[in-house]
Amino acid sequence: MTELIKNIGLGLFVNGSYDLLHFDISVTNLYITIGSIVVMAIMIKLQKKERR
């Protein structure tokens, strides 16, 4: 389940950063990009914790 959520976060990050690279800078795009980084970081930490 953590892998699925991490991949969803990666997809959101790619879409958000694509918009930011094309100067479509809005609060929503910033929230999506930053939020997706946070989601991926949390899932990576949980995966490492599960492996122990």
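Structure shown above.
Since the model is a prediction, treat every value here as computed from it, not as a measurement. (Residues numbered from 1 in each chain as written. Predicted model: local features only at pLDDT ≥ 70, side-chain atom pairs only at ≥ 80, totals over all residues. Heavy atoms only, no water.)

Observations concerning the side chain of Lys 6
- Counting through the fold element by element, Lys 6 comes out in helix H1 (residues 2–21).
- When near neighbours in sequence (up to four residues on either side) are disregarded, Lys 6 contacts Met 40, Met 43, Ile 44 and Gln 47. (Helix = DSSP H or I, 4+ residues; strand = E, 2+ residues; numbered from the N terminus. Contact = heavy atoms within 4.5 Å.)

Some details on the pattern of salt bridges
- According to the stated counting rule, one finds 1 salt bridge in the structure shown.
- The salt bridge involving Lys 6 is made with Glu 3; its shortest N-O contact spans 3.6 Å. Here Lys 6 and its partner Glu 3 are both found in helix H1, 3 residues apart, which amounts to about one turn of the helix.
- Note on Glu 3: relative accessible area 39%, which makes it partly exposed. (Salt bridge = Lys/Arg side-chain N within 4 Å of Asp/Glu carboxyl O. Buried < 20%, exposed > 50% of the residue type's maximum accessible area, 1.4 Å probe, protein only.)

Quick word on the environment of Val 14
- Within the secondary structure, Val 14 is located in helix H1.
- Judged by its relative accessible area of 45%, Val 14 falls in the partly exposed class.
- Separated by 30 residues in the primary sequence, Val 14 and Ile 44 place their C-alpha atoms 17 Å from one another.

Quick notes on the environment of Val 39
- Structurally, the position occupied by Val 39 is in helix H2 (residues 27–51).
- With a relative accessible area of 31%, Val 39 lands in the partly exposed category.
- Note: C-alpha distance between Val 39 and Leu 12 (27 residues apart in sequence) is 9.9 Å.
- Setting aside anything within four residues of it in sequence, one finds Val 39 in contact with Ile 5 and Gly 9.

These figures come from the coordinates and say nothing about function on their own.
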